[in-house]
Amino acid sequence: MLEDEISEDIAEPFFALGEKQGDKQAVAIVAKEKMLGWMGMLEDAGLHCAKMLPDVLALPTNPEGWSLLALGQQLIVKQDSWQGLQGSSNWILPAIEHFAKQQTEPLNLANYSEQDLPQLANVEGMQQPLEMPMQLLALGAQKHKFNLLQGDFKIKSKSDNRFKQWRWAAALAGLALC
C-alpha cells in the first residue's frame, strides 16, 4: 500500500494522479506546503501557470536505460516514464553506481549534460546532443501530458466578473426583443 511507503501523515502530502496502465496508477506526491509555496511565488510575481510537473518528467525517456541532466552540482535522473530522482551529485552518482552494480547488464545512462560523467561501475554513459538545460526541460514539459495542477490546485478559469453580473439582464433583454 502507498500509505505504508510514505513517511509522513497521509493527510499532509498532495497526490496528483497520472496515467493508469492496467492495474498500476502513476502518482506524483508533493508536500501541500511546497505546492502552496510555489503557487504563492507565481502569484506574487504576477505570473499565470497553466501547467506544473516534476522536473524528472520533463527529461527525455531513455527506453534503453536512464536519462541524466546536470544543473550545476544538482542532477536530475529519469529512470522510466514515471520515475526518477533529483539531488546533489555527491549522493546521486554513488546511488546510480550502487544500483548498476546489482544489475547483470550495464546500465545505459543517456547524459544530456556538458559535464563528463565520472567512471561508474557497470554504467555505460551515452553522451546525447547538447541543448541548453532549460530548453531541454521546457520542451519536455510541453510534450508531457501530466499536470500537478489538479484537485485543490486546479486552475480555475478566469472569466470577466462584469459579464457575470449582467448576463441575466442581457439574456432577458434579448428575449424581450424577440
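Use the structure listed above.
None of the values given here were measured: they were computed from a predicted structure.

Engineer: Before we go on, may I ask you to explain the overall build of the protein chain in this structure?
Structural biologist: Secondary structure assignment for the protein chain yields 6 helices and 7 strands. Order of helices (α) and strands (β) in the protein chain, N terminus to C terminus: α-β-β-α-α-β-β-β-α-β-β-α-α. In the protein chain, buried positions account for 30% of the 178 residues. Taking as baseline every contact in the protein chain between residues at least 6 positions apart, the subset at least 24 positions apart corresponds to 46%.

Engineer: Where do I start with the nonpolar core in this structure?
Structural biologist: As a rule of thumb, soluble globular proteins bury nonpolar side chains together. M35, M52, F146, L148 and L149 are the most contacted members of the largest nonpolar core, which totals 24 residues. Going through the elements one at a time, β1 (13-21), β2 (24-31), α2 (32-44), α3 (55-58) and α5 (133-143) are the ones with two or more residues in this core. Every residue in contact with M35, bar those within four places of it in the chain, is listed here: F14, V30, M52, L148, L149 and F153. Among the nonpolar cores identified, the runner-up in size contains 13 residues, and L68, L93, I96 and A100 belong to it.

Engineer: Can you help me understand a nonpolar patch on the surface in this one?
Structural biologist: Residues L17, V27 and I29 make up a contiguous nonpolar surface patch of roughly 230 Å² in combined accessible area. Inspection of the secondary structure puts V27 in strand β2. Given the relative accessible area of 31%, V27 is considered partly exposed.

Engineer: Hey, could you run me through the pairing of β2 in this one?
Structural biologist: Examined bridge by bridge, β1 and β2 share 7 bridges and lie antiparallel to one another. The residue bridging A16 from the neighbouring strand is A28, located in β2.

Engineer: Where do I start with α2 in this structure?
Structural biologist: Helix length check: α2, at 13 residues, gives a terminal C-alpha distance of 18 Å against a target of 18 Å (1.5 Å per residue), a fit within 8%. G46 occupies a position one or two residues after α2 and carries a positive phi of about 75°.

Engineer: I keep staring at helix α4 (residues 89-101) and nothing clicks. Help me out?
Structural biologist: In an α-helix there are 3.6 residues to a turn, and that puts residues three or four apart on one side. Spanning 13 residues, α4 covers 18 Å between terminal C-alpha atoms, matching the ideal 18 Å at 1.5 Å per step. Regarding α4, the residues found buried are S89, I92, L93, I96 and A100. Seen end-on, α4 carries its buried residues on one side only, within an arc spanning 95°. The exposed set on the far side of α4, more than 90 degrees from its buried face, consists of N90, H98 and K101.

Engineer: How do you make sense of the environment of G151 when you look at a structure like this?
Structural biologist: In this structure, G151 sits in the loop between α5 and α6 (161-177). In sequence terms G151 and L17 are 134 residues apart; their C-alpha atoms lie 9.5 Å from each other.

Engineer: Explanation requested: the packing of aromatic side chains in the structure shown.
Structural biologist: Aromatic ring pairs: the centre-centre distance and the angle between the two ring planes describe each pair. Summed over all chains, the structure comprises 3 aromatic pairs. Both rings, one in W82 and one in F146, keep their centres 5.1 Å apart while their planes meet at 85°; by these two values the pair is edge-to-face. Taken together, the positions of W82 in the loop between β4 (74-80) and β5 (83-88) and F146 in the loop between α5 and α6 put the pair 64 residues apart, joining distant regions of the chain.

Engineer: Just to check I follow, could you spell out the sheet that holds strand β7 (residues 123-127) for this structure?
Structural biologist: Through backbone hydrogen bonds, the strands of a sheet pair up, either in parallel or in antiparallel fashion. Pairing in this open sheet of 5 strands is mixed, and the strands run β5-β4-β3-β6-β7 from one edge to the other. Taken across any chain shown, the strands that pair with only one partner, and hence form the sheet edges, are β5 and β7. Sheet twist, expressed as the mean angle between neighbouring strand axes with direction ignored, is 25°. The sheet strands contacting α4 are β3 (65-71), β4, β5, β6 (107-111) and β7, and the helix crosses β5 at an angle near 140°. Running at roughly 130° to β3, α5 makes contact with β3 and β4 of the sheet.

Engineer: What is the right way to look at the layout of surface pockets in this model?
Structural biologist: Over the atoms a probe the size of a water molecule is rolled, and this reveals where empty space is left. Reported here for the largest pocket is a volume of approximately 520 Å³. Surrounding the largest pocket, 20 residues form its lining, V27, D80, W82, Q83 and G84 being those nearest its centre. Mapped by element, the contributors of at least two residues to the lining of the largest pocket are β1, β2, α3, β4 and β5. For the lining of the largest pocket, the leading source of residues is β2, giving 6 residues.

Criteria and cut-off values
- Residues numbered from 1 in each chain as written.
- Predicted model: local features only at pLDDT ≥ 70, side-chain atom pairs only at ≥ 80, totals over all residues.
- Heavy atoms only, no water.
- Helix = DSSP H or I, 4+ residues; strand = E, 2+ residues; numbered from the N terminus.
- Buried < 20%, exposed > 50% of the residue type's maximum accessible area, 1.4 Å probe, protein only.
- Contact = heavy atoms within 4.5 Å.
- Core = buried A, V, L, I, M, F, W, Y, C linked by side-chain atoms within 4.5 Å.
- Patch = residues over 30% accessible without salt bridge, like charges linked within 9 Å, V, L, I, M, F, W, Y side chains within 5 Å.
- Areas by Shrake-Rupley, 256 points an atom, 1.4 Å probe, with all protein chains shown as cover.
- Salt bridge = Lys/Arg side-chain N within 4 Å of Asp/Glu carboxyl O.
- Pairing = 2+ DSSP bridges.
- Expected span 1.5 Å × (residues − 1).
- Arc of directions from axis to C-beta.
- Phe/Tyr/Trp six-rings, centres within 6.5 Å; stacked < 30°, edge-to-face > 60°.
- Axes fitted to C-alpha atoms, helices over the stretch in contact; angles between N-to-C directions.
- 1 Å grid on protein atoms, 1.4 Å probe; cavity = no way out; pocket = protein on both sides within 12 Å on 5 of 7 lines; lining within 4 Å.
- Points joined across faces, edges and corners; volume = space filled by probe spheres on them.

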